[in-house]
Amino acid sequence: MKKVLGNKKAIALFVIPALIIYTIIVALPVVWSFYYSMYSGSPGLKWKFVGLANYGKLFRDKNFIDALVVNLKYIGFTMLGQVGGGLLMALMFRFWVKGGRNAVRTIVFFPTVLPTVAVGQLFQKIYEIQPNYGLLNSFLSNVGLQKWVQPWLGQASTALPCLILMDIWTGIGFHSVILYGALLDIPEDIIEAGRIDGCGGWQLFKNILAPLLRPMIISSCVFSFSGTVKMFESALALTNGGPGNATRSLSMYMYSVSFTYNKVGYGSVIAIFIFLMCIAGSFVINRFDVKESYY
Amino acid sequence: MKKKVLAAFMSTVMLAGVLAGCGSSSSSSSSGSTGSAETTAAAETSAAAETAAAETTEAATTEAAADTGSGDFSGEDPQLTKDFHILSIWAEDNDNGVLINQICKDYQKVNPNFTYEYELVSSDDLRQKISTLAASNDLPDMFVYESGKPIVDLIDAGQITDIGALLKETGSSDYVTPAATSLLETLSGTDTIYDLPLGLNVEGFWYNKALFEQAGITKTPDTWDEFEEDLKTLKDAGIQPLSCGAADKWGATRLINAYTVRTMGADAMQKAADGDTNYTDDGYVAAAQKIQDWANAGYFGEGVNTVDMNTAGSMLMTGKAAIFYNGSWFTSNLNDTTANQAGPDGIGFFNVPVVDPSISPADSYSMNCGNILCLSQDKTDEATKWFVKYFVEHIGDVAMEMQGSVKGYTYTTEASDMSGYTQLVLDEIDKAKSAFTWYEATMNSEVSDAAQQNVQTLLSGEMSAQDYMQSIQDAKDMSDM
Amino acid sequence: MAQAAVAAQGSTRKKNRTGKVVSSVLIKIIVVLICFIDIYPIFWMITASFKQSYEWSAKPAYSLPDGLYFQNYIDAWNRGHMSTFFMNSMTYTLISLVFIVIFSVTVGFAVTKMQWKGRDFINRYFQLGIMVPVATALIPLFQIYKGMNIYNTRWALILTYIAFGLSLSIYLVTGYLRSFPDEIMEAAVIDGCDIYKLMRFIVVPLMKNAIVTVLVLQFFFKWNDLLFSMTFVSDTKLKTIQTGLMYFSDEFGSKNWGAIFASISMSIIPMLILYSVLNKFIIEGMTAGAVKG
């Protein structure tokens, strides 16, 4: 056994090709951006070595702080919605939905496969107010809630919640399906044992299901986090960062700085910040995983 | 600094004289016979002479160079082999894409050794694409870009060709109208052009005649006070006075610009960009306040920030709003009979109303050259020059024949089916004696971003006019850092 | 076990019969509502793709089209070079999927089951990639591809797709392999399997679910990519379907919505087909614990 699994040649064959491609295409550019971050301007355009000046600029940049706040809010609420909502749906499939579980799951998963561009266009039309009420506003106005009719995407206060709702819509199916899978793996007799011991719905969840589901919930959080921390395409497609800066994320700001303002150097600093934020975030999430440590 | 002063000078003084030249050229050709090529050219030359006289030394030296060079390009096309890469934002069957492709195909008949690759990116991604390419010194032979500040970076980096000099060398300078030339020079703050125009547009207010009639308005407003009265009349008559595509942001900043220029003069934005004034000075704030007041009064209807320019335009044409600010390119929508329910004569045009004629007169129009074409400095060779020569000499006619549009080049033919709207625009261009540019023309991209993004919160009332101008000033201070 | 389950269900049913009638109706309504929310937008998009341009502004968003205006599809197909883009997207996606699956299974296996120094490090190293913001890589990568002379070739895209697909796929595969029983492998080794045979006959077949998951997720990611195809190929003949979606917004942001929706509808057709054919597999794969924590 040991000999087979310790086969050096096989390990090399298995790992090295992927390692090379990954290193050159994913890892090297990251290192490269550290180098870029010491320059002002863009390569070919006002490219000048400025040392650490770009880093000093970071926290004095109001736009950056705004984008950071937007991004953090977005991560928090979207994760809560995707994972929390996904969990609720999974529990519903498991315990309440009797017939047509597969059909329901199939439908619920469906939005995951749609191109972000398409989803963005779609929701623009759903939240529409002018020239015609979109789906949401015409619903509100028809059920007598005329005073709730508003330009959902046109004001800073509602644009971000609208974006978050859209991304929950897209992502919740994915999370509910994988969490449902984990729920199926929990043997019926364990649940039944809990019921016999007099656990109500909440206690059953808290004492029996949650601990067993934890690894899966953590994975789910990792997926959700890695998707939301990069917040880019969906915001671009739905609001293009507006109104004002209300939905401009760090990635979008970085993109503008690098490619519109032609400051790739400063953009790289923001990229590095995002990268570090990702690492910190996944570190925190994995802290909950201590007991499951497998090495 | 010196360049900027020159630019400001040119925008206010020279443009006036030069635009007159433009006016005469288009009127002479549109007024009648097809054989007016000579007269047109003559008018152009005299206008060009004025230009040259204004900047004596520069022009003299380059002209001397042009004299020696023009000999090489006067004869037959030498049919040099060239694989020409064009980066564009219009599909082959759309807008300027049609024209560029047509010219290329025509040129292939002159030079069969010329091949071209037509690449498309979306206009949103153009900047990103160009900066990626510029970073590795690999700009395409010819590419569409934005005039004004964006190309200044490329000019400073020496990445794009001095087209003014190139045209002098090939002896085809006169084919680009002086109006377009001086506008482009103003926009890039240089005394030669680094780009080719793809339009010569006026901007102003389009209005729905039926709705005006319905509200009892008999004539278009000449002064700003009349304008505001009309807006109120329309609103009181239960008509949405204005439609504005604030989702596309520039639709809203253009309105601020209109009032800023009319109250402070054509060089107001330039002064602020140069630091001679602050964006937070009273005049600028008042203009922003004006637009916010309109929004508060409900003139734009609900949810103005979610309406894009296309929708705003259809609202005008379908009678859901009475007035819409846009440029002369809007005629392509107006000419579309399925989209334009107002009919071939249902929409009219008026220039931005005047506040004080001594500050900004009624014959001063907001003008621009649309998106522009640049050439990669590294890839410009003899074959490129021959192609560009052919391009500028023919695109004016091709554009007029195929689309009835003016692109900033001289033309000798007339469109076969010139619509009333197209004619309307040509007439307005003729009336223009001087020009002012758009709100963000003098801003670099960071400042321009601030102006555009925050205009939405200005309209929604979530940001005061004072704070709005402050955010623009902050962005400027930040970018200078 | 099965008996226990049946018994459990029986007792649950008995206990809840009376109280749950109302709430079961309620739950049905909720479920139907959820399905409706998930499906309706797609239905709407497809119907809207048949609208003429004036209908967009003149009528409520949810109204059905006046007629089937196929011109949108014709515009989308002709203007967008859709057939070329379709083929390209297919080629790039399929080739990169093959490599992603091979690499993720081999690397995943090597870092979880095989014994060597530094495997934890390598695993973490690959995992970091989940976090790399894609836009950071654009300019450096562009320079790298230029240097390697593969800019504006198929390989620039395929390599990028493979590399950026690895991290998440390996993460999924290792998650699955961690709960993969060692006993089966031991038995196979005792039967005389070497490492390659072990992989081919034991590990891969048992990992079907994980592989399906990887395939499906990566298919969606690759098929939907816009940023890379925009940046690394400039030749129209090499571009992908998502780039076709951009052909309709003109210089000043005016949009041909009908044609946009028609081309989006076309671009999701492969997914609809793939999904409706494979949905059982996909859902099974996702549910059957491909992703074990």
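Here the structure is a predicted model, which means the values were calculated and not measured.

A. Geometry of the overall build of chain B. The number of helices and strands found in chain B is 19 helices and 11 strands. Taking all 481 residues of chain B together, 56% fall into the buried category. Intrachain contacts of chain B at a sequence separation of at least 6 include 78% that bridge at least 24 residues.

B. Layout of the overall build of chain C. What chain C contains, in helices and strands, is 14 helices and 0 strands. Secondary structure of chain C in N-to-C order comes out as α-α-α-α-α-α-α-α-α-α-α-α-α-α. Across the 293 residues of chain C, 50% fall into the buried class. A fraction of 75% describes how many contacts in chain C between residues 6 or more apart in sequence connect residues 24 or more apart.

C. Seen up close, the nonpolar core. With 297 residues, the main nonpolar core has A:I270, B:C244 and B:C374 as its most contacted residues. Looking at this core, the element that brings in the most residues is helix α8 (residues 154-178) of chain C, giving 16 residues. Not counting chain neighbours up to four residues away, the residues in contact with B:C244 comprise B:G251, B:A252, B:L255, B:F300, B:V304, B:V307, B:A312 and B:Y325.

D. Representation of the interface of chain B and chain A. Listed by partner, the interface residues are 33 residues for chain B and 27 residues for chain A. Here the element with the most residues in the side of chain B that touches chain A is helix α18 (residues 445-459) of chain B; it accounts for 7 residues. Split by residue class, the side of chain B that touches chain A holds 9 nonpolar, 15 polar and 9 charged.

E. Examining the interface of chain A and chain C more closely. On the side of chain C, 73 residues touch chain A, which itself brings 81 residues to the contact. The element contributing the most residues to the side of chain A that touches chain C is helix α2 (residues 8-36) of chain A, with 16 residues. Grouping the amino acids of the side of chain A that touches chain C by side-chain chemistry returns 54 nonpolar, 17 polar and 10 charged.

F. Representation of the packing of helix α5 (residues 82-112) of chain C against helix α6 (residues 119-128) of chain C within the structure. Residue and element names in this part refer to chain C. Contact geometry for α5 and α6: axes closest at 8 Å, N-to-C directions at 140 degrees. Between α5 and α6, the interaxial angle falls into the category oblique. Once α5 is placed against α6, the crossing between them reads as left-handed. Contacts from V107, A110 and V111 of α5 reach α6 at R119, I122, N123 and F126. In terms of residue class, the contact of α5 with α6 is made up of 5 nonpolar, 1 polar and 1 charged.

G. Structural context of the pairing of strand β7 (residues 323-327) of chain B. All names here are of chain B. Most of β7 sits inside the fold, with 5 of its 5 residues counted as buried. Alternating positions in β7 separate into two faces, I323, Y325 and G327 on one and F324 and N326 on the other, with burial throughout. With 5 bridges connecting them, strand β5 (residues 201-208) and β7 associate as antiparallel partners. The residue of β7 that forms the bridge with F205 is Y325. Direction of pairing for strand β6 (residues 242-243) relative to β7: parallel, over a ladder of 2 bridges. For S243, the partnering residue across the bridge sits in β7 and is F324.

H. Structural detail: the domain arrangement of chain B. Residues and elements named next belong to chain B. Assigned domains within chain B: domain 1 (2-201 + 367-427) and domain 2 (203-360 + 443-480). Contacts between the two partners involve 15 residues from domain 1, matched on the other side by 17 residues from domain 2. Elements supplying a minimum of two residues to the side of domain 1 that touches domain 2: α1 (2-30), α6 (149-156) and α17 (420-431). Grouping the constituent residues of the side of domain 1 that touches domain 2 by class yields 5 nonpolar, 8 polar and 2 charged.

I. The sheet that holds strand β2 (residues 114-120) of chain B, seen in detail. All names here are of chain B. Spatially, the 5 strands line up as an open sheet ordered β2-β1-β3-β10-β4, and their pairing is mixed. In this open sheet, the two strands that pair with only one neighbour each are β2 and β4 (196-197). Against the sheet, helix α4 (residues 95-110) contacts β1 (82-88) and β2, and its axis sits at roughly 165 degrees relative to β2.

J. Looking closely at the domain arrangement of chain C. All names here are of chain C. With domains assigned, chain C is organised as domain 1 (21-69) and domain 2 (71-287). Residue-level contacts link 10 residues of domain 1 with 9 residues of domain 2. Secondary-structure elements contributing two or more residues to the side of domain 1 that touches domain 2 are α2 (20-48) and α3 (53-58).

K. Structural context of the environment of B:S460. Inspection of the secondary structure puts B:S460 in the loop between α18 and α19 (465-480). Between the C-alpha atoms of B:S460 and B:P178, which are 282 residues apart in sequence, the distance is 41 Å. If sequence neighbours within four positions are ignored, B:S460 has contacts with A:G154, A:Q155, A:A156, A:P243 and B:N305.

L. Region of the structure containing the packing of helix α4 (residues 62-95) of chain A against helix α8 (residues 156-184) of chain A. Residue and element names in this part refer to chain A. For the pair α4 and α8, interaxial distance at closest approach is 6 Å and the crossing angle is 40 degrees. What the angle tells us is that α4 and α8 run oblique. Pair α4 / α8 crosses with right-handed handedness. Looking at the contact of α4 with α8, its residues break down into 15 nonpolar, 8 polar and 3 charged.

M. Structural view of the confidence of the model for chain B. Across chain B, the average pLDDT comes to 81, with 84% of residues at or above 70. Contacts for the low-pLDDT stretch residues 1-70 of chain B, under 50 throughout, to residues beyond four places or in other chains number 102 contacts.

N. Spatial organisation of unusual backbone geometry. Positive phi values are uncommon outside glycine, yet A:N240 reaches one of about 55 degrees. Inspection of the secondary structure assignment puts A:N240 in the loop between α11 (233-238) and α12 (250-260). For C:N152, which is not glycine, the phi torsion reads 65 degrees and is therefore positive. Mapped onto the elements of the fold, C:N152 is located in the loop between α7 (134-148) and α8. Residue classification places C:N152 among the partly exposed positions, given that 17 C-beta atoms sit within 10 Å.

Quick notes on the rules
Every chain begins its residue count from 1, and numbering advances along the sequence as written. Lettering of chains starts at A and numbering of ligands starts at 1, both following the order in which they are written. Thresholds applied to this predicted model are a pLDDT of at least 70 for local features of residues and 80 or more for the giving and counting of side-chain atom pairs; totals over whole chains, interfaces and linings are not thresholded and use all residues. Only DSSP runs of H or I reaching four residues or more are called helices, and only runs of E reaching two or more are called strands; each is numbered from the N terminus. Comment: burial labels come from other C-beta atoms within 10 Å of the residue's own C-beta, placed from the backbone, where a count of 20 or more is buried, 12 or fewer is exposed, and between is partly exposed. What counts as a contact is two residues whose backbone-derived C-beta atoms lie within 7 Å of each other. We call a set of buried Ala, Val, Leu, Ile, Met, Phe, Trp, Tyr and Cys residues a nonpolar core when their C-beta atoms link them within 7 Å. All amino acids are sorted into three groups, where Ala, Val, Leu, Ile, Met, Phe, Trp, Tyr, Cys and Pro are nonpolar, Asp, Glu, Lys and Arg are charged, and the leftover types, Gly among them, are polar. Inter-axis angles, ranging from 0 to 180 degrees, are taken between N-to-C directions of lines fitted to C-alpha atoms, where helices are fitted over the stretch in contact. The labels follow the angle: roughly parallel below 35 degrees, roughly antiparallel above 145, roughly perpendicular from 65 to 115, and oblique for the rest. Crossing handedness follows the turn of the near helix against the far one: under a right angle anticlockwise gives a left-handed crossing, and clockwise gives a right-handed one. In this analysis, strands are considered paired if DSSP registers two or more bridges between them. Marked domain ranges trace back to an automatic or database domain assignment. Looking at any residue, its pLDDT shows the predictor's confidence there, from 0 to 100.

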